[in-house]
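The lines below spell out each chain.
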Amino acid sequence: MIAVDLIIRRMAHNDPRTLRLILGDQLSAEHSWFREQKTEVTYVMMEIRSETDYVAHHIQKVVGFFAAMRHFAADLKKAGHKVHYLKLDDPENQHSFEDNCRELIASLNIQRFEYQEPDEYRVDQHLKEFTRSLSIPFLMIGSQHFFTDRNELADLFRGKKTYLMESFYRAMRKKHGVLMDGDQPLTGQWNYDHDNRKKLPKGHMVTAPLLFENDVSELADLIQYSGIKTIGRIDPKRFIWPVNREQSLRLLDYFVSECLPLFGTYEDAMTTDSWSIYHSRLSFAMNIKMLSPTEVIAAATRAWEKDLEKISFNQLEGFVRQVLGWREFMRGVYWTHMPEYNQLNFLEHSAALPEWFWTGKTKMNCLKHAIGQSLDHAYAHHIQRLMVTGNFALLAGVNPDELDKWYLGIYIDALDWVEITNTRGMSQFADGGIVGTKPYVSSAAYIDKMSDYCGSCYYKKSEKVGERACPFNSLYWNFYDRHADKLKRNQRIGMMYKVWERMSQQDRTAILEQAEKNLERINEL
Ligand SMILES: Cc1cc2nc3c(=O)[nH]c(=O)nc-3n(C[C@H](O)[C@H](O)[C@H](O)COP(=O)(O)OP(=O)(O)OC[C@H]3O[C@@H](n4cnc5c(N)ncnc54)[C@H](O)[C@@H]3O)c2cc1C
Ligand code: SF4
């Protein structure tokens, strides 16, 4: 009897040989998986063509992901975990999650398969299909990264016609006790937007961004000779983005001490003198989970508590709103509306993306800068993405499919869940108002108000008609005119139609003709 008992107990402790898949955007050492080393567990990570080739990515994005994955694998090994890492040029690499995992399950005699919840619908579907085909037990476990789960937004707004980011954000502040005093906002006020979003004063010297100097030459060469199609530029001897946890933490420290004090004030400003102004540039580190949003908010809050004079509350609230509000809100919208979301085209836009989106070679100074720095650094800050490139594409009626490919490829932080909700939703109004209540469009007036771009531009910011008139101006009115049937009833923009209708017939015709000319010669603008 004693002997049988022992055997049963031994069997219970004899955990099955397990394969755990770590995706390239799941580089969180804090995940509960890694709390103990288990000899029966093998972790697998892979550099695969199905991920590099679904769109033409910026070279810095491919390098950034693979460099960070390699560091993460090395750290796991150092901590005593068993890791099977498939490099891009490993002969056994079959370049698909499913095929590589199937091969390992057979060769390592694996008895159980586990993976973390993917952030992207595409990968989620692949892995669901794969696990359905397995004859061994499997488990999907949470990624333990976000404040919210996939269905939280849908649950919160159940029965409501629209989602309001502000209501979602306040609910999250309450639920997670962020910047709260009991059930009231700390300081008594939820929203500090009116204190933020100023233009940079003339002569203001922006603090330089913290740039790393990682030598990634070997990886950049490998990507090139593997024939992967990439866009953009790189200095492989001095790769500027964080590639491991230690660098990510340094970037976070730098942000809270050097940039947070002016983050909110200038979060909507644009200038030719700085490509990141006081933005954190933490999206890449956060999206691949080298940093968690909880620790990012905690670090910002600690910095504020330590020096209330240096960091006013509006800077901190402005930042928390982006991370706890917008970031989680977009994730919720994504999981509520996929897979339909990436097909939406409310305004039925079908124009091609102007060729200069790929080169930055345009006479429009704002676009030249926003696109040029995107090609140089795989980064543009929010207002450049929304009110320069996104604004122009919306006014020009670009097909959201083409635009999604561009945004998904060019930015180092671009992952489907946060890219399409921002591009199709917030920027292109292709979702008809799920993310935003009105389209974000502007003439030159807004760009001039928030930047120093217009002063040195080939085009004249105040003119609507003529060879040198700023193209944004005529395209702006053309946009409202051609979408009157869909937009005129929107209470938030009805006013614009009154202004348009008050213009003389002659002026309106001239503006619409100018817009047509601009659309016809769009690649020469
Ligand atoms: C057309 C368009 C496309 C975009 N594509 C992406 C994308 O592919 N990946 C991505 O991470 N963000 C995207 N954004 C949102 C935002 O522009 C970036 O998160 C931000 O510019 C990243 O730079 P940062 O880290 O310096 O941000 P900061 O300005 O310092 O903001 C702090 C953090 O808040 C979060 N955040 C701020 N705004 C948003 C937002 N609208 N949605 C989600 N999170 C937000 C980010 O995690 C960011 O790191 C897009 C915005 C637009 C308008
Ligand atoms: S004038 Fe027009 S095109 Fe030139 S920078 Fe200003 S908004 Fe851009």
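Calculation rules
- Residues numbered from 1 in each chain as written.
- Chains lettered and ligands numbered in written order.
- Predicted model: local features only at pLDDT ≥ 70, side-chain atom pairs only at ≥ 80, totals over all residues.
- Heavy atoms only, no water.
- Near = heavy atom within 4 Å.
- 1 Å grid on protein atoms, 1.4 Å probe; cavity = no way out; pocket = protein on both sides within 12 Å on 5 of 7 lines; lining within 4 Å.
- Sits in = over half its atoms within 2 Å of the grid points.
- Helix = DSSP H or I, 4+ residues; strand = E, 2+ residues; numbered from the N terminus.
- Nonpolar A, V, L, I, M, F, W, Y, C, P; charged D, E, K, R; others polar.
- Polar contact = N/O pair within 3.5 Å; in protein donor to acceptor, adjacent residues only side chain to side chain.
- Areas by Shrake-Rupley, 256 points an atom, 1.4 Å probe, with all protein chains shown as cover.
- Axes fitted to C-alpha atoms, helices over the stretch in contact; angles between N-to-C directions.
- Parallel < 35°, antiparallel > 145°, perpendicular 65-115°, else oblique.
- Contact = heavy atoms within 4.5 Å.
- Left-handed = near helix turned anticlockwise from the far one by under 90°.
- Points joined across faces, edges and corners; volume = space filled by probe spheres on them.
- Buried < 20%, exposed > 50% of the residue type's maximum accessible area, 1.4 Å probe, protein only.
- Pairing = 2+ DSSP bridges.
- Salt bridge = Lys/Arg side-chain N within 4 Å of Asp/Glu carboxyl O.
- Phe/Tyr/Trp six-rings, centres within 6.5 Å; stacked < 30°, edge-to-face > 60°.

**What to know about the site of ligand 2**
Close to ligand 2 lie Met-364, Asn-365, Cys-366, Ala-444, Ile-447, Tyr-453, Cys-454, Cys-457, Tyr-459, Lys-461, Cys-470 and Phe-472, which account for all nearby residues. Of the pockets mapped on this structure, ligand 2 occupies the second largest cavity. Sorting the residues of the shell around ligand 2 by element identifies helix 13 (365-377) and helix 17 (444-450) as the ones contributing at least two each. Grouping the amino acids of the shell around ligand 2 by side-chain chemistry returns 10 nonpolar, one polar and one charged.

**Regarding the site of ligand 1**
Close to ligand 1 lie 29 residues; His-279, Ser-280, Arg-281, Tyr-379 and Asn-422 are nearest. Within the backbone of Ser-283, an N or O atom sits 3.0 Å from an oxygen atom of ligand 1. Here a nitrogen atom of ligand 1 sits 3.4 Å away from a polar atom, N or O, in the side chain of Arg-385. Burial of ligand 1 by the protein chains amounts to 99% of its free accessible area of 820 Å². Those elements that place two or more of their residues in the shell around ligand 1 are helix 10 (283-287), helix 12 (313-337), helix 14 (382-395) and helix 16 (416-427). Sorting elements by how many residues they give to the shell around ligand 1 places helix 12 first, with six residues. Along the lines of polarity and charge, the residues of the shell around ligand 1 split into 14 nonpolar, 10 polar and five charged.

**A look at the packing of helix 18 (residues 471-482) against helix 21 (residues 505-520)**
Following both chains from N to C, one finds helix 18 and helix 21 inclined at 110°, their axes separated by 8 Å at the closest point. In terms of axis orientation, helix 18 runs roughly perpendicular to helix 21. Together, Pro-471, Ser-474, Leu-475, Trp-477, Asn-478 and Asp-481 of helix 18 and Ile-511, Leu-512, Gln-514, Ala-515, Glu-516, Asn-518 and Leu-519 of helix 21 make up the contact between the two elements. Along the lines of polarity and charge, the residues of the contact of helix 18 with helix 21 split into seven nonpolar, four polar and two charged.

**A word on the packing of helix 3 (residues 59-78) against helix 8 (residues 217-225)**
The interhelical angle for the contact between helix 3 and helix 8, taken along N-to-C directions, is 120°, at an axis separation of 10 Å. Compared by their axis directions, helix 3 and helix 8 come out oblique. Note that helix 3 runs across helix 8; the crossing there is right-handed. Residues Ile-59, Val-62, Val-63, Phe-66, Ala-67 and Arg-70 of helix 3 touch helix 8, and the partners they reach there are Leu-219, Ala-220, Leu-222 and Ile-223.

**Brief notes about empty space enclosed by the protein**
Inspection of the entire model under this criterion finds three cavities of 30 Å³ or more. Considering only enclosed or pocket space, the largest cavity measures out at about 320 Å³ in volume. In this structure, the largest cavity is lined by 21 residues; those nearest its centre are Gly-24, Asp-25, Glu-51, Phe-65 and Leu-415. Elements represented by at least two residues in the lining of the largest cavity include exactly helix 2 (49-52) and helix 3. Residues that form the lining of the largest cavity fall into these classes: 13 nonpolar, three polar and five charged.

**With respect to the pairing of strand 1 (residues 18-21)**
Burial along strand 1 is two-sided: Thr-18 and Arg-20 and Leu-19 and Leu-21, pointing in opposite directions, are all buried. With four bridges joining them, strand 1 and strand 2 (residues 41-46) adopt parallel strand pairing. For Arg-20, the partnering residue across the bridge sits in strand 2 and is Tyr-43. Where strand 1 meets strand 5 (residues 112-116), four bridges bridge the pair, whose relative direction is parallel. By the bridge assignment, Leu-19 is partnered in strand 5 with Phe-113.

**Concerning the pattern of salt bridges**
Throughout the structure, instances matching the rule amount to 35 salt bridges. Across the salt bridge formed by Arg-150 and Asp-124, the nearest N and O atoms sit 2.9 Å from each other. Taken together, the positions of Arg-150 in the loop between strand 6 (138-141) and helix 6 (152-156) and Asp-124 in helix 5 (residues 121-132) put the pair 26 residues apart, joining distant regions of the chain. The exposure class assigned to Arg-150 is buried, which follows from its relative accessible area of 10%.

**Notes on the side chain of Thr-423**
Within the secondary structure, Thr-423 is located in helix 16. Accessibility expressed as a relative area gives 5% for Thr-423, which makes it buried. With near-sequence residues (within four places) excluded, Thr-423 lies in contact with Leu-403, Asp-404, Tyr-407 and Gln-428.

**Concerning the sheet that holds strand 1**
An order of 4-2-1-5-6 is seen for the five strands of this open sheet, with the pairing classed as parallel. Each having just a single partner strand, strand 4 (82-86) and strand 6 make up the two edges of the open sheet. On average, adjacent strands in this sheet sit at an angle of 20° to one another, irrespective of strand direction.

**Focus: the packing of aromatic side chains**
Across all of its chains, the model carries 37 aromatic pairs by this definition. A centroid spacing of 5.6 Å and a plane angle of 70° characterise the contact between Trp-275 and Tyr-379, whose relative ring orientation is edge-to-face. Separated by 104 residues along the polypeptide, Trp-275 in the loop between helix 9 (245-263) and helix 10 and Tyr-379 in the loop between helix 13 and helix 14 bring together distant segments of the chain. For the residue pair Trp-275 and Tyr-379, the accessibility class agrees, reading buried in each case. The interplanar angle of 75° and the centroid separation of 5.5 Å between the aromatic rings of Phe-392 and Phe-472 together place this pair among those described as edge-to-face. Highlighted residues: Phe-392 in helix 14 and Phe-472 in helix 18, separated in sequence by 80 residues. The same class applies to Phe-392 and to Phe-472, which are both buried.

Shape is all these values report; function is a separate question.
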